[in-house]
Amino acid sequence: MLGLRKLTKDTSKIVEELHLNEDFNTFYNENKEYITEKPLSELLDELIKEKNLHKSDIIKNSGLSEVYSYQIFSGLRLPDRKKLLALAIGMGLNFDETQTLLKSAGYPPLYIKLPFDSVVIYGFFKNLSIPEINELLFNYGFKTLG
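All of these numbers come straight from a predicted model, not from anything done at the bench.

Draft legend 1. Seen up close, the overall build of the protein. If you tally the helices and strands in the protein, you get 10 helices and zero strands. What you see in the protein, going N to C, is helices and strands ordered as α-α-α-α-α-α-α-α-α-α. In terms of its C-alpha atoms, the protein occupies a principal-axis envelope of roughly 55 × 35 × 25 Å. Pairs at least 24 residues apart make up 52% of the contacts formed inside the protein by residues separated by at least 6 positions. As presented, the protein carries roughly 8,900 Å² of accessible surface, and 53% of it is formed by carbon and sulfur atoms. Distance between charge centroids for the protein: 5 Å, based on 18 positive and 20 negative side chains.

Draft legend 2. Structural detail: the environment of Leu44. If you trace the backbone, Leu44 turns up in helix α4 (residues 40-50). Under the relative-accessibility criterion, Leu44 is labelled buried at 0%. In the structure, Leu44 is positioned 55 residues away from Gln99 in sequence and 13 Å away in space, judged by C-alpha atoms. For Leu44, the residues in contact, after removing those within four places along its chain, are Ile72, Phe73, Leu87, Met91 and Leu101.

Draft legend 3. The arrangement of the nonpolar core in detail. Leu44, Leu85, Leu87, Leu101, Leu110, Val120 and Leu145 are the most contacted members of the largest nonpolar core, which has 33 residues in total. Taken together, the elements giving at least two residues each to this core come down to α4, α5 (55-62), α6 (66-74), α7 (81-91), α8 (95-104), α9 (115-125) and α10 (130-139).

Draft legend 4. Representation of α5. By the burial criterion, the buried members of α5 are Ile58, Ile59 and Ser62. Down the axis of α5, the smallest arc covering the buried residues is 100°, so these residues share one side. The inward-facing, buried residues of α5 abut α4, α6, α7 and α10. Looking one or two places after α5, you find Gly63, whose phi comes out positive at around 80°.

Draft legend 5. Local environment of the packing of α7 against α9. Running from N to C, α7 and α9 cross one another at 10°; their axes reach a closest spacing of 12 Å. Our classification of the angle between α7 and α9 gives roughly parallel. Facing Arg81, Lys82, Leu85 and Ile89 of α7, the residues of α9 in contact are Phe116, Asp117, Val120 and Phe124. Classifying every residue of the contact of α7 with α9 gives five nonpolar, no polar and three charged.

How each quantity is defined
- Residues numbered from 1 in each chain as written.
- Predicted model: local features only at pLDDT ≥ 70, side-chain atom pairs only at ≥ 80, totals over all residues.
- Heavy atoms only, no water.
- Helix = DSSP H or I, 4+ residues; strand = E, 2+ residues; numbered from the N terminus.
- Contact = heavy atoms within 4.5 Å.
- Areas by Shrake-Rupley, 256 points an atom, 1.4 Å probe, with all protein chains shown as cover.
- Lys, Arg positive; Asp, Glu negative; His and termini not counted.
- Charge placed at Lys NZ, Arg CZ, Asp CG, Glu CD.
- Buried < 20%, exposed > 50% of the residue type's maximum accessible area, 1.4 Å probe, protein only.
- Core = buried A, V, L, I, M, F, W, Y, C linked by side-chain atoms within 4.5 Å.
- Arc of directions from axis to C-beta.
- Axes fitted to C-alpha atoms, helices over the stretch in contact; angles between N-to-C directions.
- Parallel < 35°, antiparallel > 145°, perpendicular 65-115°, else oblique.
- Nonpolar A, V, L, I, M, F, W, Y, C, P; charged D, E, K, R; others polar.

These results come straight from atomic positions and should not be treated as a statement about function.
Structure (structure tokens):
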């Protein structure tokens, strides 16, 4: 996984290394690939190439508008959390990849104890489409994705 490989070092391991390291420069140089932020558009581009996806298919599957989606891909817009979730589902990302994508955009990861998030997590684990997840969200009184 090119796009997420650098972002997947366990946080507790990084914290442990920081604690054990005598010198911050050494720690930083050994871990900067894990703590350096990439622009969302760059991460999306890597994932698209890695998974051999087509932007037109992602847009169709996500239910987002074409113009808005291309603005996200090019880095002109930062989508809100719900639209980024729709994009992740449209890309066919798994739960862990989506969590990383959310964090890289500065959003909190999905959290099972939050009602909205629990519906979305259920959708990921059951491989539901955007319309199916939106129907569940609507039935429980939540705003839909995208």
